[in-house]
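Summary of structural features
These are the residues of each chain, in order.
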Amino acid sequence: MISPHNSQTPIRPAWIEINVSQLRQNLATIRADMPPTLKWCSVVKDQAYGHGAVEIARETVRAGASLLAVATLDEALELRQAQLQQAQLRQAQFGAPILIFGERPPNELAFCIENDFSIFVNDATQAKQINELAQQQGKRVNVHLEIDTGLSRYGIRWTKALPVIEAVLQLANLQLAGLMTHFAMSDELDKTFAHEQLRRFAEVAQQLRERKILPAPQTRLHTCNSGGYLDLPAAHFDMVRMGILPLGVYPSKVCRRVAGLMPVMSVKTRIAAIKEIEPGDTVGYGMGYRAESSRTIAVLPIGYGDGFPRVRNTGYVLIRGQRAPITGGNAMDAMMIDLTGIPAPQLWDEVVIMGQQGHEEISVHDLSAWGSTVSYDIMTRWSVRMPRVYVE
Ligand SMILES: Cc1ncc(COP(=O)(O)O)c(C=O)c1O
């Protein structure tokens, strides 16, 4: 659990439901689609995009993921503690190695080595430093090296990567476990730049082959996120890194090659108050909505402080299988919806904020359109005060 809620206290009437059976079904569908020799790294950073890192890691490793990836040292430690605990309790284990994305500040390095976390090394000086620290601890560290082929984020520019790779290979206490790149645009229809990035990456790989450095059995080449996995089979190489797809969310509306995946996360709340308002009455901060006729308004105990995007008179929720529009601007802890015309609503009725009810569905893509953002942002912004409930 990543919220303070525990089974001894009543659950707050605004919560996140994680459907573990759906996750398993998605994983089976993806596994059936994957070439059998292709390895996969389960990306569970930022609490597996708000779903709970430990819970998602446990299922993905059980389904065959051979590496877990996070973005911070704390995230790596949380996973490692859970792995050790599971082993001690002799419960189903998920002992895959843990890779931390991004650059590590110098004061984290010794700690990462001590805990056997795989890390990135993206310059020759830092490589020597990590090598020395590893030597002091009598360890060999698994390192991945990022080739920047156009995202201009982490990594060494593809034109300058070769000497750094060669330098890393000279260091006895470093094991080059991966050579990777990351796409800037893998889930759009236009794959021109993705193909150019792939060409740049392949160019470095070819140079390494010519120098008889590759293929090395212990060095995995990996470039694909979920979008790349779906749409760029030529970029699969040895391993793919998937975060969003097993969660049942397609990276974009045009990137949906594997059919039948369904979202694992729903967001729900309950009606906390119902009131009648008169023509001319206003609703919400800034008087963002003015009633033109008598309306029935419900107050929901969830707001932007819980991660709902800050909207004004935009979007709807589902109640009794019907759409009820959001009225006014949502507040930190509450939002108001127009219930007029919905038959017999009751206090504490269940309301779907994201997910399915009856024949209606609100997708993460709908919420991201209302909030002018992307699905990744919506999923990761649900706050810790929203209890996560895992249902089979
Ligand atoms: C380096 C890297 N690889 C893979 C992923 C997974 O991406 P996705 O969730 O689209 O599969 C991410 C996520 O942002 C990432 O930063």
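Up top is the structure these notes are about.
A few points on the structure. For clarity, every value in this text was computed on a predicted model and none was experimentally measured.

Moving on: the side chain of Asp 148. With respect to the helices and strands, Asp 148 occurs in strand 6 (residues 141-148). The buried charged residue Asp 148 lacks any salt bridge, with Arg 157 as its nearest oppositely charged partner at 6.5 Å. Polar side-chain contacts of Asp 148 include one of 3.2 Å to the backbone nitrogen of Leu 151. Engagement of the side chain of Asp 148 in a polar contact is seen with the backbone nitrogen of Ser 152, the distance being 3.0 Å. The contacts of Asp 148, once residues within four sequence positions are left out, are Arg 153, Tyr 154, Gly 155, Ile 156, Arg 157, Trp 158 and Thr 181.

Let us now look at the pairing of strand 8 (residues 174-180). Of all seven residues in strand 8, seven are buried; the element is thus mostly enclosed. Across six bridges, strand 6 lies against strand 8 in parallel orientation. For Asn 142, the partnering residue across the bridge sits in strand 8 and is Gln 175. Relative to strand 9 (residues 220-224), strand 8 runs parallel, the two being bridged by three bridges. The residue bridging Gly 178 from the neighbouring strand is Arg 220, located in strand 9.

Moving on to the packing of helix 5 (residues 106-114) against helix 6 (residues 124-136). Contact geometry of helix 5 with helix 6 gives a least axis separation of 10 Å together with a crossing angle of 40°. By the angle between their directions, the pair helix 5 and helix 6 is classed as oblique. As helix 5 runs across helix 6, the sense of the crossing is right-handed. Along the contact surface, helix 5 presents Pro 106, Leu 109, Ala 110 and Ile 113, while helix 6 presents Gln 129, Ile 130, Leu 133 and Ala 134.

Definitions and limits used
Residues numbered from 1 in each chain as written. Predicted model: local features only at pLDDT ≥ 70, side-chain atom pairs only at ≥ 80, totals over all residues. Heavy atoms only, no water. Helix = DSSP H or I, 4+ residues; strand = E, 2+ residues; numbered from the N terminus. Buried < 20%, exposed > 50% of the residue type's maximum accessible area, 1.4 Å probe, protein only. Lys, Arg positive; Asp, Glu negative; His and termini not counted. Salt bridge = Lys/Arg side-chain N within 4 Å of Asp/Glu carboxyl O. Polar contact = N/O pair within 3.5 Å; in protein donor to acceptor, adjacent residues only side chain to side chain. Contact = heavy atoms within 4.5 Å. Pairing = 2+ DSSP bridges. Axes fitted to C-alpha atoms, helices over the stretch in contact; angles between N-to-C directions. Parallel < 35°, antiparallel > 145°, perpendicular 65-115°, else oblique. Left-handed = near helix turned anticlockwise from the far one by under 90°.

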